[in-house]
Each structure stands twice: as C-alpha cells, then as structure tokens.
Amino acid sequence: MDGNNRWSKKKNFNLSKGYTSGAYKLIKISSHIFKNYDVKYISAFALSKNNLDRSKIIISTIKDVLLDFLNKYEENYNFDFKIKFIGDLNFLNKKIRDKIKVIENINIPTKNNLIIFINYSGQSDITNSITTLNKFSKINELSFSKTLNTKNLPDPDLLIRTGGFQRLSNFMLYQLAFTELYFTKKLWPEMTNTDIDKYIKNFHRIDRKFGL
C-alpha cells in the first residue's frame, strides 16, 4: 500500500487525507476482490517496522487515522470479511490496541479474511522464529513456517506493489518464495478495481510450476 504520502502531496492534501484515502481504498478493493473472486485471504502491508523511523508527524498521523478507521468500522461494520492485524502492536497506545481486539473479535460468518500488517518486518519474523524452533524434533520448511507470524495463513499467490518501487521492502520474505510479483507506478490511493481485475486476469494466465 505504498504511496499515500506522495499522493497527498501530489493532490495538495494534508497527510491525514492521504492516509485516510489509503485506508478506505483498502476496504473498497478488498470488498471487490472477495465479491468477485474465489479468494479467502488478502494481505495488506500498511506499515513496515522500518517505517517507524519516519517523522513523528507521519507516525502520529497514521495512529490517528487508524483509530478513526477502527471507530467508524466498529459503528458500521457492514462488509462480509473479517479483519486481523499482524505485527508488533506495542508502539500503539492501549486505546488503539483495545479497539483492534474489538474489531478482530467481531463475529462474522465468513471465511474471507483481510490481514493488515502493521509494524511488521519479514527479517524479524524469520529471526524471531529461531528461538522457538527447538520445540520441533525435526526442522524443515513445514516446522519453520509454523513458527512465523503467518503460521495460520497460506503463502501469497500474488503480490501487487504500488508506488513505483520494484522491491519487497521487508515484507513476508520467507513466504514469497513462489509468489507472482507485479509492480505498478500508481500510488496506492490511485488504484482502482479495474487495475486489480487486470492483475488477477494476468495471474490466471500463468502456468505456475513451483520450481518443477
């Protein structure tokens, strides 16, 4: 979800407008995908652990937008997918963390899941897992994957990186071994359902061999 800050500058909006637009864009696109495709999991990289080194103004704005987003969707939770957060949430205050628990515990009879990664690091995910590997008698790909933050999630089939940069930026480094990668210069708030349809259509044309 890269490009919220640059989009706000491009449009001469304030920071809050940029990140708020990015948050609601995520809901709009997720709703479209779940409604039109046989997809059970969507993962969104909202904030990298490395992003915490940005200015205090940006981090404060992101926290404010997150709380406002959570409050509004608790009041009017009218979409058919669950929301779960992954990452180190300790940088958030108790009020936001408690609100996240409320959102995650909303009982919706669906198998559709939107996973939002906040203060997440693919490198840290890998290194932290090493401390728990000793409980396995045999260490292999399966046992290792069970120690990751994403242990209950399937590996991604398709990754779409917005914002013009062709890099993973520390996102799910272990889990992306056979993921199809697409890069676009569009900033995240500029993405449309039509763009998503194009990427999914191209994905279905690929003969995925998984190394065979």
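That block above? That's the structure.
Predicted model only: the values in this text are computed from it and were never measured. (Residues numbered from 1 in each chain as written. Predicted model: local features only at pLDDT ≥ 70, side-chain atom pairs only at ≥ 80, totals over all residues. Heavy atoms only, no water.)

Undergrad: Any chance you could break down the overall build of the protein for me, citing the residues and the numbers?
TA: Within the protein, the secondary structure is distributed over 7 helices and 5 strands. Listing every helix and strand of the protein by position from the N terminus yields α-α-β-α-β-α-β-α-α-β-β-α. Against the 2.2 N^0.38 benchmark of 17 Å for 212 residues, the protein shows a C-alpha radius of gyration of 17 Å, consistent with a compact globule. By residue count, 44% of the 212 residues in the protein fall in the buried class. Residue pairs at least 24 apart in sequence account for 70% of intrachain contacts in the protein once pairs closer than 6 positions are excluded. Carbon together with sulfur atoms contributes 50% to the accessible area of the protein, which is approximately 12500 Å² in total. For the protein, the distance from the average position of its 35 positive side-chain charges to the average position of its 20 negative side-chain charges is 2 Å. (Helix = DSSP H or I, 4+ residues; strand = E, 2+ residues; numbered from the N terminus. Rg over C-alpha atoms; globule rule 2.2 N^0.38 Å. Buried < 20%, exposed > 50% of the residue type's maximum accessible area, 1.4 Å probe, protein only. Contact = heavy atoms within 4.5 Å. Areas by Shrake-Rupley, 256 points an atom, 1.4 Å probe, with all protein chains shown as cover. Lys, Arg positive; Asp, Glu negative; His and termini not counted. Charge placed at Lys NZ, Arg CZ, Asp CG, Glu CD.)

Undergrad: I'd like to hear about the pattern of salt bridges, residue by residue, with values.
TA: Scanning all chains against the criterion turns up 10 salt bridges. Here K99 and E74 are joined by a salt bridge, their closest N and O atoms 2.6 Å apart. Taken together, the residues span a long stretch of sequence, with K99 in helix α4 (residues 94-104) and E74 in helix α3 (residues 56-75) at a distance of 25 residues. For E74, a relative accessible area of 33% puts it in the partly exposed group. Salt bridges sharing common partners tie together D2, R6 and R161. (Salt bridge = Lys/Arg side-chain N within 4 Å of Asp/Glu carboxyl O.)

Undergrad: Quick rundown of the sheet that holds strand β1 (residues 41-48)? Include the residues and the values.
TA: With respect to topology, 3 strands assemble into an open sheet ordered β1-β3-β2, the strand pairing being parallel. The open sheet has two free edges, formed respectively by β1 and β2 (82-86), since each of these has just one partner strand. In this sheet, adjacent strand axes meet at a mean angle of 20° when their direction is disregarded. In the sheet, β1 pairs with strand β3 (residues 113-120) via 7 bridges, with the strands oriented parallel. Bridge pairing in β3 links S48 to Y120. (Pairing = 2+ DSSP bridges. Axes fitted to C-alpha atoms, helices over the stretch in contact; angles between N-to-C directions.)

Undergrad: Before we move on, could you go through the environment of L133 and cite the residues and values that matter?
TA: Mapped onto the elements, L133 comes out in the loop between α5 (122-129) and α6 (141-145). On the basis of relative accessibility, which here comes to 10%, the residue L133 falls in the buried class. Separated by 11 residues in the primary sequence, L133 and F144 have C-alpha atoms spaced 6.9 Å apart. Ignoring anything within four residues of it in the chain, the contact list for L133 reads I139, S143, F144 and T147.

Undergrad: Could you give an account of the nonpolar core, naming the residues involved and the relevant values?
TA: Counting 40 residues, the largest nonpolar core has I27, L70, I83, F85, L114 and I118 as its most contacted members. For this core, the secondary structure elements donating two or more residues are α2 (15-36), β1, α3, β2, α4, β3 and α7 (193-204). Among the elements that take part in this core, α3 stands out by supplying 8 residues, more than any other. I27 has contacts with F69, Y73, F79, F81, I83 and L114, leaving out every residue within four places of it along the chain. One finds F45, I115, L153 and L176 within the second-largest nonpolar core, a separate group that totals 10 residues. (Core = buried A, V, L, I, M, F, W, Y, C linked by side-chain atoms within 4.5 Å.)

Undergrad: Talk me through the packing of aromatic side chains; I want residue IDs and the actual numbers.
TA: Under the counting rule described, the total for this entry stands at 13 aromatic pairs. Seen from their ring centres, Y24 and Y73 are 5.8 Å apart, and the 35° between their planes marks the pair as tilted. With a gap of 49 residues between them, Y24 in helix α2 and Y73 in helix α3 connect regions that are remote in the sequence. With relative accessibility at 27%, the residue Y24 sits in the partly exposed group. Of the residues examined, Y73 reaches a relative accessible area of 13% and is grouped as buried. Members of the aromatic cluster, each reached through a chain of ring pairs, are F45, F117, Y120 and F171. Sitting above the plane of the F165 ring, R167 keeps its charged end 4.1 Å from the centroid. (Phe/Tyr/Trp six-rings, centres within 6.5 Å; stacked < 30°, edge-to-face > 60°. Lys NZ or Arg CZ within 6 Å of the ring centre and 35° of its normal.)

Geometric descriptors of this kind do not, in isolation, establish any biological role.
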